[in-house]
Amino acid sequence: MRMRRKPWTEPLIESCPYYVEAPSTHRGGWRALFPKQQPMWLEIGCGKGVATVAMAHDNPDVNLIAIDEVRHVLAVSIKNTQAEYGGDPVDNLRYSAVDARSIYDTFDSSDGIERIYINFCNPWTEKAKHHKRRLTHPRQLIQYRAFLQPGGEIYFKTDDDMLFTASKRYFAEANFELTYVTDDLHASGFSPNYVSEHEQLYTARGCKIHFLIARMLPQPPEMTGDAAPAE
């Protein structure tokens, strides 16, 4: 079910000092949007930001960019950030509305992104022709390779068995090495694990959470056909 647009969305976004408008105009200049020069992480599809704000607040020595394509969802993230940070300054977190399918237009290698988080993205399992829309499809992974730092990592979580199985293959095809894999994150002992609203919901239903860490290897793969990124 899609979240209804809230009347306070635009006023809240317009008044938020850590929301970034026109993200493509900052391509190559994201580091300048933070007061401190420190490691940079990116979350693609942050949703309501429940896990996002906990991770950012718990890691003040990291700068985090959190993107989602839906503005009124990002407005909820801002509200959750205000509640999490309280009176603390929000110096290490920036939000922006970005369509991940054209993320190449928003970031480049000079932005210094060392880690990407992809949590509970749309699995696109109904039709095979929709698989290339997945955020872990090789078409997307090639885009991430263009700005992810050498040896950079992708942290990926999902409750969907088919998506996780396919994604392990996608990462291999795009020349990423799987350094950690579990089919039951909550029983694995992995820490820290910042739990999103989706993860709370799926865990309450008894679903096991799949999780992996993929490290980018130096040699870029050759991609053709559907695996190649869209122009």
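Model, not experiment: these values are computed from the prediction.

**Brief notes about helix 3 (residues 71–85)**
Consideration 1: Compared with the 21 Å implied by 1.5 Å per residue over 15 residues, the 21 Å span of helix 3 between its first and last C-alpha is a close match.
Consideration 2: Buried within helix 3 we find His 72, Val 73, Leu 74, Ala 75, Val 76, Ser 77, Ile 78, Thr 81 and Tyr 85.
Consideration 3: The secondary structure elements touched by the buried residues of helix 3 are helix 1 (9–15), helix 2 (50–58), strand 2 (63–68) and strand 3 (93–97).
Consideration 4: With its phi angle positive at about 60°, Gly 86 sits one or two positions after the end of helix 3.

**Quick word on the packing of aromatic side chains**
Consideration 1: Applying the stated criterion to the full structure yields 13 aromatic pairs.
Consideration 2: Aromatic pair Trp 41 and Tyr 117: ring centres 5.8 Å apart, planes at 55°, arrangement tilted. Linking Trp 41 in strand 1 (residues 40–44) with Tyr 117 in strand 4 (residues 113–119), this pair joins segments that are 76 residues apart in sequence.
Consideration 3: Of the residues examined, Trp 41 reaches a relative accessible area of 11% and is grouped as buried.
Consideration 4: Owing to a relative accessible area of 9%, Tyr 117 belongs among the buried residues under this scheme.
Consideration 5: Measuring from ring centre to ring centre gives 6.2 Å for Phe 156 and Phe 164, while their planes differ by 20°; the resulting arrangement is stacked. Summarising the burial analysis for this pair, Phe 156 and Phe 164 share the class buried.
Consideration 6: Over the aromatic face of Trp 8 sits the side chain of Lys 79, whose NZ or CZ is 3.9 Å from the ring centroid.
Consideration 7: It is Arg 94 that lies over the ring of Phe 34; its NZ or CZ is 4.8 Å from the centre.

**Some remarks on the sheet that holds strand 1**
Consideration 1: With mixed pairing, the seven strands of this open sheet are ordered in space as 3-2-1-4-5-7-6. With one partner strand each, in any of the chains shown, strand 3 and strand 6 (176–182) form the two edges of the open sheet. Ignoring which end each strand starts from, the neighbouring axes of this sheet average 20° apart.
Consideration 2: Against the sheet, helix 4 (residues 138–145) touches strand 1, strand 4, strand 5 (148–158), strand 6 and strand 7 (210–216), its axis set at about 140° to strand 5.

**Some thoughts on a positive patch on the surface**
Consideration 1: A surface patch of positive charge is lined by Lys 127, Lys 129, Lys 132 and Arg 133.
Consideration 2: With relative accessibility at 33%, the residue Lys 132 sits in the partly exposed group.

**Re the packing of helix 2 against helix 3**
Consideration 1: One can describe the packing of helix 2 onto helix 3 by two numbers: an axis separation of 9 Å at closest approach and a directional angle of 40°. Classed by the angle they form, the pair helix 2 and helix 3 counts as oblique. In this structure, helix 2 meets helix 3 at a crossing whose hand is right-handed. Each of Val 50, Val 53, Ala 54, Ala 56 and His 57 in helix 2 lies in contact with helix 3, whose residues at this interface are Ser 77, Asn 80, Thr 81, Glu 84 and Tyr 85.
Consideration 2: The class makeup of the residues in the contact of helix 2 with helix 3 is five nonpolar, four polar and one charged.

**So, the pairing of strand 4**
Consideration 1: Extensive coverage of strand 4 is indicated by the burial of six of its seven residues.
Consideration 2: Looking at chain direction, strand 1 and strand 4 are connected through five bridges and run parallel. Its bridge partner lying in strand 4, Met 40 is registered against Ile 113.
Consideration 3: Bridge count between strand 4 and strand 5: six bridges; the pairing is parallel. Directly across from Ile 118, in strand 5, lies its bridge partner Phe 156.
Consideration 4: The β-α-β motif built from strand 4, the intervening helix 4 and the parallel element strand 5 has right-handed crossover chirality.

**Details of the layout of surface pockets**
Consideration 1: Here the largest pocket is characterised by a volume of approximately 1300 Å³.
Consideration 2: Looking at the largest pocket, it is lined by 40 residues, and the ones nearest its centre are Asp 68, Glu 69, Phe 120, Asn 122 and His 198.
Consideration 3: Every element with two or more residues in the lining of the largest pocket is listed here: strand 1, helix 2, strand 2, helix 3 and helix 7 (197–204).
Consideration 4: Of the residues forming the lining of the largest pocket, the biggest block, four residues, is contributed by helix 7.
Consideration 5: Per-class residue counts for the lining of the largest pocket are 18 nonpolar, ten polar and twelve charged.
Consideration 6: Size it by volume and the second largest pocket reaches roughly 220 Å³.
Consideration 7: The wall of the second largest pocket is formed by 17 residues, among which Met 55, Tyr 117, Tyr 155, Pro 192 and Tyr 194 lie closest to the centre.
Consideration 8: Contributing elements (two or more residues each) for the lining of the second largest pocket: strand 1, helix 2, strand 4 and strand 5.
Consideration 9: Looking at the lining of the second largest pocket residue by residue, the classes come out as ten nonpolar, four polar and three charged.

Conventions adopted
Residues numbered from 1 in each chain as written. Predicted model: local features only at pLDDT ≥ 70, side-chain atom pairs only at ≥ 80, totals over all residues. Heavy atoms only, no water. Helix = DSSP H or I, 4+ residues; strand = E, 2+ residues; numbered from the N terminus. Expected span 1.5 Å × (residues − 1). Buried < 20%, exposed > 50% of the residue type's maximum accessible area, 1.4 Å probe, protein only. Contact = heavy atoms within 4.5 Å. Phe/Tyr/Trp six-rings, centres within 6.5 Å; stacked < 30°, edge-to-face > 60°. Lys NZ or Arg CZ within 6 Å of the ring centre and 35° of its normal. Pairing = 2+ DSSP bridges. Axes fitted to C-alpha atoms, helices over the stretch in contact; angles between N-to-C directions. Patch = residues over 30% accessible without salt bridge, like charges linked within 9 Å, V, L, I, M, F, W, Y side chains within 5 Å. Areas by Shrake-Rupley, 256 points an atom, 1.4 Å probe, with all protein chains shown as cover. Salt bridge = Lys/Arg side-chain N within 4 Å of Asp/Glu carboxyl O. Lys, Arg positive; Asp, Glu negative; His and termini not counted. Charge placed at Lys NZ, Arg CZ, Asp CG, Glu CD. Parallel < 35°, antiparallel > 145°, perpendicular 65-115°, else oblique. Left-handed = near helix turned anticlockwise from the far one by under 90°. Nonpolar A, V, L, I, M, F, W, Y, C, P; charged D, E, K, R; others polar. Right-handed = clockwise from strand over helix to strand, strands pointing away. 1 Å grid on protein atoms, 1.4 Å probe; cavity = no way out; pocket = protein on both sides within 12 Å on 5 of 7 lines; lining within 4 Å. Points joined across faces, edges and corners; volume = space filled by probe spheres on them.

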